[in-house]
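Working through the structure, step by step
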Amino acid sequence: MIVRLGYLQIVCTRYYTRRSEDNRIRPVRLVPPRGVIYDRYGMVPLADNETAFDVCVAPNNVERLENMDERARDVFQRLNFTPTEYEAVLNELRKLKRSRIAAFDPVIIKEDIDKDAAAYLAENNSHMPEIIIRARPKRRYRGSAAHIIGYIALVGREDLQNGYVLNDMIGRDGVEAVYEEHLKGDLGWKMAEVDVFGRILRDLQPTVKAEPGRGVSLTLDLALQKKAEALLEGRTGAIIAVDPRNGEILAMSSKPDFDANTLASNWNEIGNDPARPLLNRATMGEYPPGSIFKIIVATAALEEGKINESARFYCNGRFYIENWSRPFKCHKSDGHGFMDIHNALVESCNVFFYNLAYKRDVTVSLMHKYALMYGLEKKTGINLSGECSGSVPEIGGRAGDKINMCIGQGDLLVTPLQMASVICVMANRGVSYKPRIIRQPQGGKPEILVDLSGKVSLRTIDIIRNALMGVVKRGHSRQANLPDHQTAGKTGSAQNSHGDDHSWFIGFAPFDKPEIAVVILVENGGRGSEVAAPMAGQMFAEYFYKGQATLAKEESEE
Amino acid sequence: MLLATSKKIRIKEFDVTLLCTALIISVFGVLAIFSAVHSGLRSNDRLWIAQIIRLAIALVAMSVALIIDYRVLHSFSYIFYAVGFLVLSVLLLFPEQSGVRRWFMGGAVQPSEFAKIILIITLARYLGDKRRVSRIFKTFIAAGIIVMAYAFLIFMQPALGYTLTLVPIALSMFYIGGINEIYLLLLIIPGVVSGITTIFILDKGWNVASSMGIIKAFIFVAAYGCLVLLAYYLVSRTRFKNGKKWVKFISACVLAGILFALIGTGMLRDYQKSRLISFVDPGSDPKGSGYQIIQSKIAIGAGGLIGQGYLQGTQNRLDFLPAQHTDFIFSVAAEEGGFLGAVFLLMLYFILIARGIKAADKADDAFGTLLATGLVAMIATQVFMNIGMALGLMPITGVPLPLMSYGGSSLLATYISIGLLLNVRLKRE
């Protein structure tokens, strides 16, 4: 026995000392809080962190769970474990214990329990030392701008090569994904002395401090964002509000959306939802633009000299083409009468544009050229993943192509964000800036996205701009105007194969010194003037009165 | 009447060393228990205070065992035996507590501890009475039945460890009592051989019933046969008296042991084998087996030469060491006291056992000698089984370390034994 003692304690003591240290000294991950995502004023968090409490048990203590007393049973009832769940947890722990891989390392058996239960467990820890409560920062989303902010998820196998470790969280969409490096912070480690249950008793040196993630400020104006979301509630579509002076996105909403807080637990349900709530319709949705495309057709016709300001066509409500038995109708069945370009845009007269296409030779390739000039069929380059580029037909091979395209139909597809750029070009008289969602520090120069100078004359642009003012002043879209700020815009009602027309409105305000441009798209919403235009009006009101208009209205109702 | 005066007291023979050694070990025991429970799981239970109270009770019991005339036990021994038999039988009728029936009153009393002393007294009386006819077969069988009856009842609890401690007790008393050595060898050799072979077979996971197993077993037996022939040849060349006869006898015994183990394990079903493994190794489930042994070895090994210091052993303090205040109290001492502390403790036990043997030697009558022999064998066996287990030399049997492990019955029984050892040496006709 003395020989054996000598063997263990003198010959092998280094080996057993190391084993002993391995038992009690455990590296503990220090998860840094992820950077907070703020709105444009840096005051209100859109995504921040709260403390979540997880219940952990070290697999080698599974027997203690098996032989639980009454009090411990009560705890598991408090944690809402069903008997089957409980059995499943036990089986999982047994398996881990048998596998002998880190059987001392506590594993989470219930995530994110409520604070009362956590407090109760912490209080009674001496009776149930095997049940460990661990706090960790948990992402909390405030329910706004889900698509822009995105979400985080557990790392996948492929991320492990990029410096992530198991159980790390990684941004998977939106700003969370694009600014991952900025937001994630650096994982820290500490060496801690633990007991057999995995309870941390004290910290040992050395410690690598966790570096908290840095925050970002978005360009979003939270009030406007919330307004946009409220307007779209119950509908399918997208709203974008952008500052035309620098391309900053003030609001971007896409509905239906999702709750990033519960996404992980509802992943299958949300992922398979036919309404596609994960799709950011503002950047990824491709739609026929309908009448708002007439802005581009008008630019092409004026700039190529196909018509001048005073050229007039007569609209009797229908338009006949050779070899085509049925007439193409204007939306006013008895016709608009004589129309010049200004009135044709104000009244959105289809017959005028049919005339441009068929009598003044505004061809598909010509429209294509100008569409590209306005930035269509190209991603805007916004800092969000998955943006789509739409498509613009180049050669009108088939008979219907031209007549469809000149009123923004057919194979023509655009994203709401591209339309935001188009309306910014109008607002800025020829220039639009690359849309941004991250607030730049002072002096961050806006990047030019579309510049028509040298390609399109200011005169042409002003003709169209004035027409856009006319639309809200005397056209269909008076509801998009404000009493003390002159707005301008264009509606669209895009026919599609899915049902009612997609309802479009793009506009800006104030007319003389534009500060805000909006794009409204409601899928299958109906006429643009009836659905989208009033929503634009509310967006303008929100922007200019900061919600005071609605407040006054509510008060008068009471 | 109990304090019969028919014997003189030889104050000179009062063994202060034995008593002091026991007391010193007990003090270390309380200190070790304090260390074992001062933090972690049982830190609220103040078990060391309970142990001090039990120590006081045990000392009172020891005084009684010391003062009475031990010959009184001689006359009461068969009555004790009958009572003990009854108690152990009744115990089996109680419902199981976590799979075993070892305790009365929720663990407060362990009858097996006292049953062992009763068995020793009874066996001492029987062998003492029969010492004139000790070498005949009938005596051997009768003494064997006395032991087997208790062994069976304790085994049924089930408490394999306690049952195994009866074997050295019985063998040492048989030997001192004059039982024919041939009978003892007939017991010892096949018993040891089949035990080792069974553990070997289970450890290797051999399935003797399968064809591969049979081939392996055949090779095993054949190799053994060659060894025997070699031994026979070598012995026949020497002038050792009756050498060939001894080789034949021993090899027959060994062969019997091997065959018994081979046939025994071959007949076992899988679940019976795993039951047997968990019998030998009750604290572990078959898949994660050896956890306790591993942690105990880590604790002892990490102790190093001088130990981690009192109350500083991390294996102990952080509860990695299982049952550290009962079965693995030695590991606590070795982790915190190191090689030097552990060797010191072993020396104390060595002195204790040596003084006990001396008491057997100095006893005035056959009953006293046999009684002392049995008691020393009991203490020594428990010390070896417990420390052997902590060192990973023996399977886990759940035998407490006398005088150190937390537990009243073991402490009480050990001090009664020490009282009797002192008593046996002190009295003379």
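Here, the structure is the one placed above.
Since we're looking at a predicted model, the values are computed, not measured.

Some details on the interface of chain B and chain A
Counting residues at the interface gives 27 residues for chain B and 23 residues for chain A. Contributions of two or more residues to the side of chain B that touches chain A are made by α11 (291-303), α12 (314-317) and α13 (329-362) of chain B.

Section: the sheet that holds strand β1 (residues 25-30) of chain A
Residue and element names in this part refer to chain A. Strand order in the open sheet formed by three strands is β1-β8-β9, with antiparallel pairing between adjacent strands. With partners counted over all chains shown, the strands left at the sheet margins are β1 and β9 (200-208), one partner each. The mean inter-strand angle of the sheet, taken between neighbouring strand axes irrespective of direction, is 35 degrees. The pairing of strand β8 (residues 188-194) with β9 spans six bridges and is classified as antiparallel. Considered in β9, the bridge of A192 is made with D203.

Examining the sheet that holds strand β12 (residues 248-255) of chain A
All names here are of chain A. Strand order in the open sheet formed by five strands is β12-β11-β21-β20-β19, and the pairing between neighbours is antiparallel. At either margin of the open sheet sits one strand with a lone partner, and together these are β12 and β19 (488-496). Adjacent strand axes in the sheet meet at a mean angle of 5 degrees, parallel and antiparallel pairs treated alike. Of the pairings in the sheet, the one linking strand β11 (residues 237-243) to strand β21 (residues 516-522) comprises six bridges and is antiparallel in character. Across the sheet, residue G237 finds its bridge partner in β21, namely V522.

A closer look at the packing of helix α4 (residues 111-129) of chain B against helix α5 (residues 137-155) of chain B
All names here are of chain B. Axis separation between α4 and α5 bottoms out at 10 Å; the angle between their running directions is 175 degrees. Relative to α5, the element α4 lies roughly antiparallel. On the side of α4, the interface is formed by S112, A115, L119, T122, L123, Y126 and L127, while α5 contributes A142, A143, I146, V147, Y150 and I154. Partitioned by chemical class, the residues of the contact of α4 with α5 number 11 nonpolar, two polar and no charged.

Looking at the nonpolar core
Among the nonpolar cores identified, the biggest contains 128 residues, and A:I239, A:I240, A:A241, A:V297, A:C406, A:I423 and A:I520 are the most heavily contacted of them. Of the residues that make up this core, three or more belong to each of domain 1 (25-217) and domain 2 (222-256 + 281-557) of chain A. In terms of nonpolar packing, the next biggest core, distinct from the first, is built from 116 residues, B:A299, B:L352, B:A377 and B:A413 among them.

What counts and how
Residues numbered from 1 in each chain as written. Chains lettered and ligands numbered in written order. Predicted model: local features only at pLDDT ≥ 70, side-chain atom pairs only at ≥ 80, totals over all residues. Contact = placed C-beta atoms within 7 Å. Helix = DSSP H or I, 4+ residues; strand = E, 2+ residues; numbered from the N terminus. Pairing = 2+ DSSP bridges. Axes fitted to C-alpha atoms, helices over the stretch in contact; angles between N-to-C directions. Parallel < 35°, antiparallel > 145°, perpendicular 65-115°, else oblique. Nonpolar A, V, L, I, M, F, W, Y, C, P; charged D, E, K, R; others polar. Core = buried A, V, L, I, M, F, W, Y, C linked by C-beta atoms within 7 Å. Buried ≥ 20, exposed ≤ 12 C-beta atoms within 10 Å, placed from the backbone. Domains from an automatic or database assignment.

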